[in-house]
Amino acid sequence: MRDHLVPIVMGLVAVGLFFAFPYDLAFLTRVLVTIVLVLSVDLVLGYAGIPTLGQAAMFGTGAYAAGLFAIHVWGDPLAGLVVGAVAGAAIALVSGLVLMRTRGLTVIMLTIAVAAILHEIANRARDLTGGADGLRGIRMQPVLGLWEFDFIGRTGYWYALVVVIVVYVGLSILTRSSFGLGLRGIHDSPERMRAIGAPVYWRLVTAYTIGGGIAGIAGALNAQITQLVSLEGFAFSLSAEALIMLILGGTGRLVGAVIGVALFMTVHHFAAANDPFNWLFVIGAMVLVVVFFLPQGIISLPGILLRHLRGGRDADRA
Amino acid sequence: MGLFLNIVIDGTAYGMILFMIAVGLSVTMGLMRVVNLAHGAFALVGGALAHWFQQDLGTGFGIALVAAIAGTVILALPLELVLYRRIYRMGELQQVLATIGLTFLFIATINLWQGSALLVIEFPQALRMPVDLGFRTLPAHRLAVIGLGFAIILFLWWLLDRTRFGVRLRASVDNRDIAAAHGINTDMVYLATFGLGAALAAIGGIMGSELLPIEAYYPLRYMVLFLIVVAVGGMGSILGSFLAALGLGILETAARYLLPDAATISFFAIVILLLTLRPNGLMGRV
């Protein structure tokens, strides 16, 4: 039961935020979309241990696929999400077949290179993608034929929240399955997993592909709700920020991804609104404090505090 | 033929600048095993200091260059003592996060101090003079950059291969504990190496400011480029960084001359190909 408590509380908080901040729904929805993206990074990096700085490759692909699908084929949101997921997974599978043969810094560089190439292709294929102007003219049909997307973003918020919950529950099940446990094993020691007969390479490719599909869903969600796809979807800064948010919250735990996104984006929202030039001071200091004092991320804070409250010699060893 | 020579000359000058900055990164990443994403920040600090000495204090280029390099090292050493010493012991992800956080602080500080405009560094008359190569004229400082690049690789080879310091550094890197047990002050060796990396970054930042202009977001804008040079060259290999920087410099220049529309795509496609064929880089040790 305790395992389910935190996600349920987070879901209730998300419902409460809808009523508490009815004028900030655009920002809150962006947080939800980013949570989906960072959850995908958590699967790839936190569970499977694949260092990636290029998750934007799948996010952008999902966004363009869903946007083009809505314009040229069918404006149904759920069908668009499926298209985005398939597109993201396809890119991840194709690049993953190469990427998973390498390790460490090389993987990081290759993920960056894949995203950079897709960014440039989207930039050059102006006729199809609108290039630097972005893909415009996306008109979505009502969700399930019932709920129109409204100007204030109410439908968008609930729609994104449901997607977040579905992805979260799906990942909870996946990471507890034998496949998820296998990924943890690979994360800790690929050699031992290979020695006990696990197909390490194919497990990693599968994890990367699933992660790509989820990142594609995040991109599709963003395209449908903002009704715009821009080159930013492929930007290196998106991948880098997703990584920062995840490590801030804590890797290898789904809760960590949610908390990291909420914290980073809230701080960014207020610090950048007050002083757009100096917000890097705030985020830089925050990042350093977390790395030096909470190396396991923000999610380790309650545990550390509890141990200190209980006192005793254990407190020092925390 | 003229086109070919143009590509070689421009590409070599560009590659030498990449080399000067990336070699410091290769040393810290390959030898000291720290993923130092803040490396470009030292190039930025060097460039900003040189700009400040020239524009606000009115010194000549030579003094500004030396003072800026010294200033960068003076800033880098306490950072090593206070922060990096702890960062060495962290896991890779924590290193990435810590050095990105540090980069943000550098950017914000330079932004606060010098603003977000381009920080121009003026080269002296002697270096701005055009030099006639027969088939084209070239600003003298491109030739100076090429010469400096060769000088730096010779210096580094001599330092790491032929001096006592080089022996100590290689010993500390191979096995820090055993090196320390042999009486090598590994803390000092790491400190000196870190300072050397920062100094190289500052030189590259200043000398390369014509091709890679200095401004507050410099460390983030070129971070990927420098990392790619190190990854392709092989971490910790001076010669690898040199070959990778030259090769990628000439390649990118060639792509810009020959296929301006597909320059970025072909650059990254070749990087992917190279890293797939040689995951540890051209000269990387396994």
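1. Some remarks on the overall build of chain B
So, step 1. Of regular secondary structure, chain B possesses 13 helices and two strands.
So, step 2. Computed over C-alpha atoms, the radius of gyration of chain B comes to 19 Å, within 12% of the 19 Å expected from 2.2 N^0.38 for 286 residues, which places it in the range of a compact globule.
So, step 3. Principal-axis analysis of the C-alpha atoms gives chain B an extent of 60 × 50 × 35 Å.
So, step 4. Expressed as a percentage of its 286 residues, the buried residues of chain B come to 58%.
So, step 5. In chain B, the proportion of contacts linking residues at least 24 apart, taken out of those at least 6 apart, comes to 75%.
So, step 6. When the accessible surface of chain B is summed, it comes to about 11,800 Å², and 67% of that surface belongs to carbon and sulfur atoms.

2. Concerning the overall build of chain A
So, step 1. A count of helical and extended segments in chain A gives 15 helices and zero strands.
So, step 2. For 318 residues, the compact-globule formula gives about 20 Å, and the C-alpha radius of gyration of chain A, at 20 Å, lands near that figure.
So, step 3. With the principal axes as the frame, chain A shows a C-alpha extent of 65 × 50 × 40 Å.
So, step 4. For chain A, with 318 residues in total, the buried portion stands at 55%.
So, step 5. In chain A, the share of contacts with a sequence separation of at least 24, taken over all contacts with a separation of at least 6, comes to 77%.
So, step 6. Total accessible area on chain A is roughly 14,600 Å²; 65% of this is exposed by carbon and sulfur atoms.
So, step 7. In chain A, 19 side chains carry a positive charge and 16 a negative one; their mean positions are 10 Å apart.

3. Digging into unusual backbone geometry
Residue and element names in this part refer to chain A.
So, step 1. Positive phi values are uncommon outside glycine, yet Q227 reaches one of about 55°.
So, step 2. Along the chain, Q227 falls in the loop between α10 (200–226) and α11 (236–249).
So, step 3. According to the relative accessible area criterion, Q227 is partly exposed, its value standing at 27%.

4. With respect to the interface of chain A and chain B
So, step 1. At the interface, 33 residues of chain A touch 38 residues of chain B.
So, step 2. When the two sides are added together, the surface that chain A and chain B hide from each other amounts to roughly 3,400 Å², 84% of it contributed by carbon and sulfur.
So, step 3. Our enumeration of links across chain A and chain B arrives at one salt bridge.
So, step 4. Residues R124(A) and D261(B) are paired through a salt bridge, measuring 3.6 Å at the closest nitrogen-oxygen approach.
So, step 5. The interface formed by chain A and chain B contains three residue pairs in polar contact (both at pLDDT 80 or more).
So, step 6. The dominant element in the side of chain A that touches chain B, judged by the number of residues it contributes, is helix α5 (residues 105–124) of chain A, at twelve residues.

5. What about helix α13 (residues 263–277) of chain B?
So, step 1. The end-to-end C-alpha distance of α13(B) is 21 Å, a good match for the 21 Å that 15 residues give at a rise of 1.5 Å each.
So, step 2. The set of residues buried in α13(B) consists of A263(B), S266(B), F267(B), F268(B), V271(B), I272(B) and L275(B).
So, step 3. Buried residues along α13(B) sit in contact with α5 of chain A together with α11 (223–233) and α12 (238–258) of chain B.

6. Quick look at the packing of aromatic side chains
What describes a pair of aromatic rings is the distance from one ring centre to the other and the angle between the planes of the rings.
So, step 1. On inspection of all chains with the given rule, the structure shows 23 aromatic pairs over all chains.
So, step 2. Geometrically, the ring pair formed by F18(A) and F19(A) is edge-to-face, given 5.0 Å between the ring centres and 90° between the ring planes.
So, step 3. On the basis of an interplanar angle of 45° and a centroid distance of 4.5 Å, the ring pair of Y84(B) and F194(B) is categorised as tilted. Within this pair, whereas Y84(B) is found in helix α3 (residues 61–87), its partner F194(B) is found in helix α9 (residues 186–207), the two being separated by 110 residues in sequence. Neither Y84(B) nor F194(B) differs from the other in exposure class; each is buried.
So, step 4. One aromatic cluster in this structure is built from F18(A), F19(A), Y157(A) and W158(A).
So, step 5. Stacked on the ring of Y190(B), the Lys or Arg R176(B) has its end atom at 4.2 Å from the ring centre.

7. Some details on the pattern of salt bridges
So, step 1. A complete count under the given rule lists ten salt bridges over all chains for this structure.
So, step 2. With its nearest N and O atoms 3.0 Å apart, the salt bridge here joins R124(A) to E120(A). A residue pair is termed a helical-turn pair when its members lie 3 or 4 positions apart in one helix, as R124(A) and E120(A) do in helix α5 at four residues.
So, step 3. Note that E215(B) is salt-bridged to R221(B), the shortest N-O span being 2.7 Å.
So, step 4. Owing to a relative accessible area of 10%, E215(B) belongs among the buried residues under this scheme.
So, step 5. Three or more residues are tied together by salt bridges with common partners; here these are E80(B), R85(B), R176(B) and D187(B).

8. Here's the deal with the side chain of Q114(B)
So, step 1. Looking at the secondary structure, you find Q114(B) in helix α4 (residues 92–114).
So, step 2. Apart from the residues lying within four places of it in its own chain, the contact partners of Q114(B) are H51(B), W52(B), D56(B) and L119(B).

9. Thoughts on the environment of F236(A)
So, step 1. Within the secondary structure, F236(A) sits in helix α11.
So, step 2. On the basis of relative accessibility, which here comes to 23%, the residue F236(A) falls in the partly exposed class.
So, step 3. Each C-alpha atom, one on F236(A) and one on A116(A), is 7.5 Å from the other, the two residues being 120 residues apart in sequence.
So, step 4. Not counting residues within four places of it along the chain, the set of residues in contact with F236(A) comprises L53(A), I112(A), M223(B) and V224(B).

10. Overview of the environment of T163(B)
All names here are of chain B.
So, step 1. Structurally, T163 can be placed in the loop between α6 (140–162) and α7 (164–174).
So, step 2. Note on T163: relative accessible area 14%, which makes it buried.
So, step 3. C-alpha of T163 to C-alpha of G149: the two residues are 14 residues apart in sequence and 20 Å apart in space.

How each quantity is defined
- Residues numbered from 1 in each chain as written.
- Chains lettered and ligands numbered in written order.
- Predicted model: local features only at pLDDT ≥ 70, side-chain atom pairs only at ≥ 80, totals over all residues.
- Heavy atoms only, no water.
- Helix = DSSP H or I, 4+ residues; strand = E, 2+ residues; numbered from the N terminus.
- Rg over C-alpha atoms; globule rule 2.2 N^0.38 Å.
- Buried < 20%, exposed > 50% of the residue type's maximum accessible area, 1.4 Å probe, protein only.
- Contact = heavy atoms within 4.5 Å.
- Areas by Shrake-Rupley, 256 points an atom, 1.4 Å probe, with all protein chains shown as cover.
- Lys, Arg positive; Asp, Glu negative; His and termini not counted.
- Charge placed at Lys NZ, Arg CZ, Asp CG, Glu CD.
- Buried area = accessible area lost by both parts, 1.4 Å probe.
- Salt bridge = Lys/Arg side-chain N within 4 Å of Asp/Glu carboxyl O.
- Polar contact = N/O pair within 3.5 Å; in protein donor to acceptor, adjacent residues only side chain to side chain.
- Expected span 1.5 Å × (residues − 1).
- Phe/Tyr/Trp six-rings, centres within 6.5 Å; stacked < 30°, edge-to-face > 60°.
- Lys NZ or Arg CZ within 6 Å of the ring centre and 35° of its normal.

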